Amino acid sequence: MFVRDRMTANPVTTTEDTLVFDALKLMQETNVRRLPVVRKGRLVGIVTESELLRISPSPATSLSVFELNYLLSQLRVKDAMTKDVVTVSPDTTVEEAAILMRDNAVSGLPVLENDNLIGIITETNIFDAFVELMGIRRAGTRLTVSVVDRPGVIAALSSIIRDLGVNIISMATFFPTEEESHIVIRLSTKEPEPVVEALTAAGYDVVNVRILN
């Protein structure tokens, strides 16, 4: 799955000279928490709601109304935006985008194609992709099987399940220790007993079974 499959195309943008008040209002009206900042169609920064609020006067300020209005009239997006923007291309994988967000502690990445802003991918888009990849919203059964990490183990598990005529929705591997793997298998059945019995008979340790509605 690639960024182009999950990004929000034609994102709402702002400019460097937009007033902070107007940028916050735009975010509220369009229900977004970050705005790419563009200059003549080129990306020059990104600003988040928290960054704009951080430079805005506190409600507890001792400034007069006139002083407050003057200050608000001077504050602009360029005073709060991040200039060194982490970006991705539409052909970046969703997994790579997730790692970039995690490593750079950002919640959204502008998507550039030939230096043109064509979209934005956010943590919400990443969560939605994860839900789809894992088939989390589909009814069935979730099995957790503890195995020794070795070549061919996934193929062996898949063969046992296939021979029972049960469809695998998704499969993921987690490593609680260096030697042990937990393979989480989501099945399109609410009657997992034959699968559990077959896996156990083959020497696998089924450590958790959960029916999903």
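How each quantity is defined
Per chain, residues are indexed from 1 in the order of the written sequence. Reporting of local features is limited, given that this is a predicted model, to residues whose pLDDT is at least 70; pairs of side-chain atoms are given and counted only at 80 or more, and all residues count toward the totals for whole chains, interfaces and linings. Side-chain numbers here rest on the full set of heavy atoms in the structure, without hydrogens or water. A run of H or I in DSSP counts as a helix once it spans at least four residues, and a run of E counts as a strand once it spans at least two, with each numbered from the N terminus. Each radius of gyration is computed over the set of C-alpha atoms, and the globule rule expresses the reference value as 2.2 Å times the number of residues to the power 0.38. The contact definition used throughout considers only heavy atoms, calling two residues in contact when any of these lie within 4.5 Å. Should a side-chain nitrogen of Lys or Arg be within 4 Å of a carboxyl oxygen of Asp or Glu, the pair is scored as a salt bridge. In this scheme, a residue with accessible area under 20% of its type's maximum is buried, one over 50% is exposed, and one in between is partly exposed, where area comes from a 1.4 Å probe on protein chains only. If DSSP finds at least two bridges between two strands, the strands pair. A fitted line through C-alpha atoms represents every axis, and for helices the fit uses only the stretch in contact; the resulting angles, taken between N-to-C directions, go from 0 to 180 degrees. Every residue is assigned a pLDDT by the predictor, reflecting its confidence on a scale from 0 to 100. An angle below 35 degrees is treated as roughly parallel, one above 145 as roughly antiparallel, one from 65 to 115 as roughly perpendicular, and anything else as oblique. Here a crossing is called left-handed whenever its near helix is offset anticlockwise from the far helix by less than a right angle, and right-handed whenever the offset is clockwise. Throughout, the ten residues Ala, Val, Leu, Ile, Met, Phe, Trp, Tyr, Cys and Pro are labelled nonpolar, Asp, Glu, Lys and Arg are labelled charged, and all others, Gly among them, are labelled polar. Read the arc as the range of directions from the helix axis to the C-beta atoms.

## Comments concerning the overall build of the protein
In step 1: A count of helical and extended segments in the protein gives eight helices and nine strands.
In step 2: Scaling as 2.2 N^0.38, a compact globule of 213 residues should have a C-alpha radius of gyration of about 17 Å, whereas the protein reaches 24 Å, well beyond that.
In step 3: Overall, the C-alpha framework of the protein stretches about 80 × 40 × 30 Å when taken along its three principal axes.
In step 4: Sequence-distant contacts, at least 24 apart, represent 64% of the contacts inside the protein between residues at least 6 apart.

## Describing the pattern of salt bridges
In step 1: Here the structure, examined in full by the defined rule, presents seven salt bridges.
In step 2: For the salt bridge of Glu 113 with Arg 4, the shortest nitrogen-to-oxygen distance reads 4.0 Å. Pair noted here: Glu 113 is in strand S4 (residues 108–113) and Arg 4 is in helix H1 (residues 3–6), with a separation of 109 residues, a long-range link.
In step 3: The exposure class assigned to Arg 4 is partly exposed, which follows from its relative accessible area of 41%.
In step 4: Among the salt bridges present, the one from Arg 39 reaches Glu 16, with a minimum N-O distance of 2.8 Å. With Arg 39 in strand S2 (residues 34–39) and Glu 16 in the loop between strand S1 (8–9) and helix H2 (20–30), this pair connects stretches of sequence that are 23 residues apart.
In step 5: Judged by relative accessible area, Arg 39 falls into the partly exposed class, the value being 45%.
In step 6: Its relative accessible area of 17% is what places Glu 16 among the buried residues.
In step 7: Taken together, the shared-partner salt bridges connect Arg 4, Asp 91 and Glu 113 into one network.

## Some remarks on the sheet that holds S1
In step 1: An order of S1-S5-S4 is seen for the three strands of this open sheet, with the pairing classed as antiparallel. Each end of this open sheet is capped by a strand with a single partner; those strands are S1 and S4.
In step 2: Sheet strands touched by helix H5 (residues 94–104): S4 and strand S5 (116–122). Its angle to S4, the strand with the most contacts, is close to 130°.
In step 3: Helix-sheet contacts for helix H6 (residues 123–134) involve S1 and S5, and the interaxial angle to S5 is about 60°.

## A short note on the confidence of the model for the protein
Predicted coordinates in areas of low pLDDT are best not read in detail.
In step 1: In the predicted model, the protein carries a mean pLDDT of 90, and the fraction of residues at 70 or more is 92%.
In step 2: Low pLDDT, under 50, characterises residues 62–66; the predicted model gives this stretch two contacts beyond four residues in sequence or across chains.

## Focus: the side chain of Ser 146
In step 1: With respect to the helices and strands, Ser 146 occurs in strand S6 (residues 140–148).
In step 2: Residue class for Ser 146 comes out buried when judged on its relative accessible area of 13%.
In step 3: Sequence-distant contacts of Ser 146, defined by excluding residues within four places in its chain, comprise Glu 180, Ser 181, His 182, Asp 205 and Val 207.

## Digging into the sheet that holds strand S9 (residues 205–212)
In step 1: Pairing is antiparallel in the open sheet, where four strands are placed in the order S7-S8-S6-S9. Both edges of this open sheet fall to strand S7 (168–174) and S9, since each of them pairs with a single strand only. With direction set aside, neighbouring strand axes in the sheet form an average angle of 15°.

## Quick look at the packing of H5 against H6
In step 1: Between H5 and H6, the shortest axis-to-axis distance is 10 Å and the interhelical angle comes to 135°. By the angle between their axes, H5 is oblique relative to H6. You can see that H5 and H6 cross each other, and the crossing is left-handed. On H6, the residues that touch Val 94, Ala 97, Ala 98 and Met 101 of H5 are Glu 123, Ile 126 and Ala 129.
In step 2: Along the lines of polarity and charge, the residues of the contact of H5 with H6 split into six nonpolar, no polar and one charged.

## A few points about helix H7 (residues 153–163)
Given 3.6 residues per helical turn, the α-helix brings residues three or four places apart onto the same face.
In step 1: Along H7, the positions that sit buried rather than exposed are Val 153, Leu 157, Ile 160 and Ile 161. One side of H7 holds all its buried residues, which, seen down the axis, span an arc of 95°. The outward face of H7, more than 90 degrees from its buried face, is lined by the exposed residues Arg 162 and Asp 163.
In step 2: Buried positions along H7 lie against S6, S7, strand S8 (180–187) and helix H8 (193–201).
In step 3: Immediately downstream of H7, the backbone of Gly 165 shows phi near 75°, a positive value.

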